[in-house]
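The chain contents come next:
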Amino acid sequence: MIRAATPADAAEIARLSAQLGYPADVAVFADRLARLLPLPTHAVLVCEGDDGRLAGFIGLEQRLMIESGDKAEVVGLVVDADARRTGTGRRLIAAAEDWACARGLGELFLRSNVVRPEAHAFYPALGFERSKTQHVYRKALT
């Protein structure tokens with residue numbers, strides 16, 4: 001079942017995020033959920049597994065970009081290692097498409113790290129087209 005995340009999902013989202021290489025304390029994810037869930041331009045959707053644990057989650061953001069207008073971005077997608085290749089990712093992407101369409105957005109886009117070749121086969125199979133390759137730069141601010 002796909003549903004909107006709640007604050008009670010923080011521990012499971014933390015567990016799943018760690019699988020993708022983004023570990024943080026449960027309290028950090030609880031704070032992020034508390035800040036994100038009320039925002040109408042953001043969504044966090046989860047897929048419940050049969051065992052009561054989350055099989056995956058997807059984070060979404062409606063972005064207004066000066067050069068290309070409004071679109072929806074998948075800002076995070078994690079499927080539990082034990083739930084991969086079961087349709088969980090497909091269901092989460094379909095729910096993301098529904099979320100975007102309900103807001104009148106005509107495009108869903110995402111970024112995928114070059115170290116995830118399995119994702120680079122997954123997304124085109126769902127109709128995504130690679131539009132560019134880019135470098136991402138970060139600068140810590142003090």
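Residues numbered from 1 in each chain as written. Predicted model: local features only at pLDDT ≥ 70, side-chain atom pairs only at ≥ 80, totals over all residues. Heavy atoms only, no water.

Colleague: Describe helix H3 (residues 88-102), and please don't skip the residues or the numbers.
Modeller: Residues that lie three or four places apart on an α-helix share one face, since the helix turns once every 3.6 residues. Between its terminal C-alpha atoms H3 stretches 21 Å, which fits the 21 Å expected from 15 residues at 1.5 Å a residue. Taken as a whole, H3 has its buried residues at Thr88, Gly89, Leu92, Ile93, Ala95, Ala96, Trp99 and Ala100. Down the axis of H3, the sector holding all buried residues measures 160°, keeping them to one side. Turned more than 90 degrees off the buried face of H3, the exposed positions are Asp98, Cys101 and Ala102. As for H3, its buried residues are in contact with strand E1 (2-4), strand E2 (42-48), strand E3 (54-65), strand E4 (69-79), strand E5 (108-110) and helix H4 (117-125). (Helix = DSSP H or I, 4+ residues; strand = E, 2+ residues; numbered from the N terminus. Expected span 1.5 Å × (residues − 1). Buried < 20%, exposed > 50% of the residue type's maximum accessible area, 1.4 Å probe, protein only. Arc of directions from axis to C-beta. Contact = heavy atoms within 4.5 Å.)

Colleague: Residues and numbers for the sheet that holds E5, please.
Modeller: In a beta sheet, neighbouring strands pair by backbone hydrogen bonds and run either parallel or antiparallel. The 5 strands lie next to each other as E1-E2-E3-E4-E5, forming an open sheet whose pairing is mixed. One side of each edge strand has no neighbouring strand; the edge strands of this open sheet are E1 and E5. Neighbour-to-neighbour, the strand axes of this sheet turn through a mean angle of 30°, independent of strand direction. As judged from the 7 bridges shared by E2 and E3, these two strands associate in the antiparallel manner. Within the sheet, the bridge partner assigned to valine 44 lies in E3 and is glycine 59. Helix H1 (residues 10-19) contacts E2, E3 and E4 of the sheet and is inclined by roughly 85° relative to E3. (Pairing = 2+ DSSP bridges. Axes fitted to C-alpha atoms, helices over the stretch in contact; angles between N-to-C directions.)

Colleague: Talk me through the environment of aspartate 9; I want residue IDs and the actual numbers.
Modeller: Here aspartate 9 lies in the loop between E1 and H1. If we ignore the near neighbours within four places in the chain, the residues touching aspartate 9 are Arg3, Ala4, Leu33, Val46 and Leu54. Reaching out from aspartate 9, the side chain makes a polar contact with the side chain of arginine 3 at a distance of 2.8 Å. Here threonine 6 takes part through its backbone nitrogen, which lies 2.8 Å from a polar atom of the side chain of aspartate 9. (Polar contact = N/O pair within 3.5 Å; in protein donor to acceptor, adjacent residues only side chain to side chain.)

Colleague: If you had to explain unusual backbone geometry to someone new, which residues and values would you point to?
Modeller: The residue arginine 85 is not glycine, and still its phi comes out positive at about 65°. Looking at the secondary structure, you find arginine 85 in the loop between E4 and H3.

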